[in-house]
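Here is how the chains run, residue by residue.
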Amino acid sequence: MKNCILPVIGFVLSATACQSLPPEIDQMDRAQIQSLSTNVVAAYNQDDLDQFVTVFTPDAIVMPPHEPAVNGHASIMKWKADHEPGLKLASVVEHMEGSGDTAYMRGRYCLFQLQEDGGYEVNPGKFLETLKLQADESWLVDVQIFNSDIDEDADWLDACPFAESWD
């Protein structure tokens, strides 16, 4: 029996060792994903919900803090309209990786809320997104999770730690 198992183990190990990994995302993919991030911020800041959801796959999942996940374009639009109308966003991508048809990026964001005196209060946080390569070679966000760096009941800050404004 031992004589039969060793050749099988050897075959399985050699077969799996010969499999190639999917190629890592290249500079063109990285540029496209960075552009996608820039476009979502612009659409967010204009409260353009139709444009905002175009960066998500049709069945995307968004996981906001302190709430259940939101699934699909219609639900994402409704959540944004109900929870964040008029807020402005600044973000920075800190890291991006991927291979094959899947990539992820993580970064920081600040939400800016206009005050009656014309100033802003700021809610800083972090995000993580997984992206999927589409048939047309574009990248779209498939899963997004984000959360604040301050307690839910805490006052917002006077300034963003990495951006002067949302411009």
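Above this note sits the structure.
Residues numbered from 1 in each chain as written. Predicted model: local features only at pLDDT ≥ 70, side-chain atom pairs only at ≥ 80, totals over all residues. Heavy atoms only, no water.

### Thoughts on the packing of aromatic side chains
- Under the defined criterion, the tally for this structure stands at 5 aromatic pairs.
- Between the aromatic rings of Y109 and F146, the centroid separation amounts to 6.2 Å while the plane-to-plane angle is 85°, which identifies the pairing as edge-to-face. Note that Y109 is positioned in strand β4 (residues 102–114) and F146 in strand β6 (residues 139–148), a separation of 37 residues in sequence.
- Judged by relative accessible area, Y109 falls into the buried class, the value being 7%.
- Residues F112 and Y120 carry aromatic rings whose centres are separated by 6.2 Å and whose planes lie at 85° to one another, so their mutual orientation is edge-to-face. (Phe/Tyr/Trp six-rings, centres within 6.5 Å; stacked < 30°, edge-to-face > 60°. Helix = DSSP H or I, 4+ residues; strand = E, 2+ residues; numbered from the N terminus. Buried < 20%, exposed > 50% of the residue type's maximum accessible area, 1.4 Å probe, protein only.)

### Concerning the state of the cysteines
- A complete count under the given rule lists 1 disulfide for this structure.
- C110 shares a disulfide with C160; S-S distance 2.1 Å. Across the disulfide from C110 to C160, rotation about the S-S bond amounts to roughly 85°, and the bridge is consequently right-handed. Of this pair, C110 sits in strand β4 while C160 sits in the segment after β6, and the two are 50 residues apart along the sequence. Side by side, C110 and C160 carry an identical accessibility label, which is buried. (Disulfide = S-S within 2.5 Å.)

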